[in-house]
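# Inside the fold
The primary structure of each chain is shown beneath.
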Number of protein chains: 2
Amino acid sequence: MRIGELSVRTGVPVATIKYYVREGILAGGERTGYNQVSYGEEHVRRLRLVRALVETGSLPIAKVREILDKASDPERDVDSALGVVSRAMDKTREVAEPARDDLAEAYAIAERHGWKRALPQRERVKVLADVIGTLRLLGMDELIERADDYARAAQMVAETDIEMLSAQSDRDEILESMIIGTVLGDAFFSAMRRLAHIEVSGRRFKAPREARDDTDRE
Amino acid sequence: MRIGELSVRTGVPVATIKYYVREGILAGGERTGYNQVSYGEEHVRRLRLVRALVETGSLPIAKVREILDKASDPERDVDSALGVVSRAMDKTREVAEPARDDLAEAYAIAERHGWKRALPQRERVKVLADVIGTLRLLGMDELIERADDYARAAQMVAETDIEMLSAQSDRDEILESMIIGTVLGDAFFSAMRRLAHIEVSGRRFKAPREARDDTDRE
C-alpha cells in the first residue's frame, strides 16, 4: 500500500510516518517505481505498536527505539531478551538512590512474595523503593503496610501475563506481546481499579441521607 | 520558614514554588515583615502532594489545579467529593468514542465483578473500553480474555485502598489520601508487577542450557 493508505489504516499522519522511518523506528517501504514506495502489513503492525507505546505508555520516542532495538536482537534467547526489554521499559526518569529503609522495605516485599529472581536486579528493586519513599514522604505509611495485598494482586496478574506469553511460540511475537502487555496491562489494571473504587467507595462512604436503603450494603 | 528553607525541605526550586503560588496551586505564605514571607508545614505537605502528582502521576499542572480545587470544595460530602476528584483524575487525554463492541466488553467486565455503581458512569467505563480497543487493534485478544484475572486483582487492591481511607476521619485527609493513593497506587502495583514478571518469566522461559538445575522450578 502507499503511505497515504498506511496513514489512514493506522491513524498516524504521513509526516509522522516519514519521521519514524528517518529515525529508524519503522523500516522503510519497498521502492516499487519512480517516486513510489510500498508498505505492507508488517508496517501497519509496527506503527500500531509504536503508537501504543507513545500514547498509552507515554514513552518518549528515544525510549521506544531503544526497546524495539533490543527486542529485535536475534542473538538473545527469549528469557534474556525479555529481561533486556523489560529493563529498558522501566521508568524513564532516573530513579535517585533510595533511602536505605525504603530499599530494605522493597527487598522485604520481594522476598516475602518469592520473587527471588528479582533480588539480584537492584535497579528494578529501586523502582519499588522509590515509590515507597514517595509514599512515606507523603505520610502514606498505611499504604506501605498494605503492600502485601498489592503484591498478591501483582503476582496474580503476572502469572496470567506470562501464561499468555507461554501460549505463543514465535520469538518475535512473544517479545511484542510482552512489550504491549507491560504497558497496556498497567492501563488495563488501572482502569479496572478505578471502576472497583467507585463501587467499594460508594458502599463505604455513602452519604447518610442515602444510607437509609441499606439492603445492598452487604 | 522562609521560601529558601521550604525549597530545601521539599526539593522544589524557589522559582517553581513562586510559580505555584502565582497559579493558585499553593497558598501564599504569611507576610511577616517588609519583603519577608513565612511558610508553614501545610505548605510543605501541599508541595509534596503537587510534586507526587506531577512526577509520579505525570499530570499536567492544569490538571493538578483542577483536582485540588475540587478536593477542597467544602460543599460536598465525602462520597461526592471522592467521585468528583476521581473523575478529574481520569485519563488526561480525551478518550474517543469507543467501538460498540469494546464498550460492551467493558460493561460486561464491570457487571461480572459487581461494580454496579460504576455502570452509570459511562465516561469512566469508556476509559476501560479504550484500553480494550487498543488491545484488540494490536491483536492482544488473549489479554482481553484474561480480563477477569485483572479484575479480581483490581477488586482486591480497591478493597484495601478504601479500607485504608475508611480508617481516617478527617475529610481533607481522606481526600488527600485518595488522590495520592490513586496515583501512587498504580505506580506501587506496576513496580511489583514487574518484579513478579521477572520471577514468573524466569521460571517459564529459562534458556534450556540453564534448565538442568530444575530444583527451584517448583
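Residues numbered from 1 in each chain as written. Chains lettered and ligands numbered in written order. Predicted model: local features only at pLDDT ≥ 70, side-chain atom pairs only at ≥ 80, totals over all residues. Heavy atoms only, no water.

Moving on to the side chain of A:R124. Looking at where A:R124 falls in the secondary structure, it is placed in helix α7 (residues 122-137). Beyond its immediate chain neighbours, meaning those up to four positions away, A:R124 contacts A:G83, A:S86, A:R87, A:D90, B:R194, B:L195 and B:I198. (Helix = DSSP H or I, 4+ residues; strand = E, 2+ residues; numbered from the N terminus. Contact = heavy atoms within 4.5 Å.)

All names here are of chain B. Closest axis-to-axis distance for the helix α1 (residues 3-10)/helix α2 (residues 14-22) pair is 9 Å, and the angle between their directions is 105°. One element, α1, and the other, α2, form an angle in the roughly perpendicular class. Of the residues in α2, those in contact with I3, G4, L6 and S7 of α1 are V14, I17 and K18. Tallied by class, residues from the contact of α1 with α2 come to four nonpolar, two polar and one charged. (Axes fitted to C-alpha atoms, helices over the stretch in contact; angles between N-to-C directions. Parallel < 35°, antiparallel > 145°, perpendicular 65-115°, else oblique. Nonpolar A, V, L, I, M, F, W, Y, C, P; charged D, E, K, R; others polar.)

All right, on to the environment of A:K63 then. Residue and element names in this part refer to chain A. Along the chain, the position of K63 falls in helix α4 (residues 61-71). Judged by relative accessible area, which is 14%, K63 ranks as buried. Separated by 27 residues in sequence, K63 and D90 place their C-alpha atoms 10.0 Å apart. Reaching out from K63, the side chain makes a polar contact with the backbone oxygen of A88 at a distance of 3.1 Å. (Buried < 20%, exposed > 50% of the residue type's maximum accessible area, 1.4 Å probe, protein only. Polar contact = N/O pair within 3.5 Å; in protein donor to acceptor, adjacent residues only side chain to side chain.)

This brings us to the pairing of strand β1 (residues 30-33) of chain B. All names here are of chain B. Bridge count for β1 against strand β2 (residues 36-38) is three bridges, and the pairing is antiparallel. Bridge pairing in β2 links R31 to V37. Counted along the chain from β1 to the antiparallel partner β2, the turn is two residues long, and its residue N35 has a positive phi close to 60°. (Pairing = 2+ DSSP bridges.)

The next thing to look at is the side chain of A:T134. Position of A:T134 among the secondary structure elements: in helix α7. According to the relative accessible area criterion, A:T134 is buried, its value standing at 17%. A polar side-chain atom of A:T134 sits 3.0 Å from the main-chain carbonyl oxygen of A:D130. If sequence neighbours within four positions are ignored, A:T134 has contacts with B:A52, B:T56 and B:L184.

Okay, helix α7 (residues 122-137) of chain B next. Taking 1.5 Å per residue, 16 residues should reach 22 Å; α7(B) reaches 22 Å between its end C-alpha atoms and fits that length. Of all 16 residues that make up α7(B), twelve are buried, and the element is covered over most of its length. Buried within α7(B) we find B:R124, B:V125, B:K126, B:V127, B:L128, B:A129, B:D130, B:V131, B:I132, B:G133, B:T134 and B:L135. Tucked inside the fold, the buried residues of α7(B) contact α3 (41-56) and α10 (171-205) of chain A together with α5 (78-89), α6 (100-112) and α8 (141-145) of chain B. B:G139 occupies a position one or two residues after α7(B) and carries a positive phi of about 70°. (Expected span 1.5 Å × (residues − 1).)

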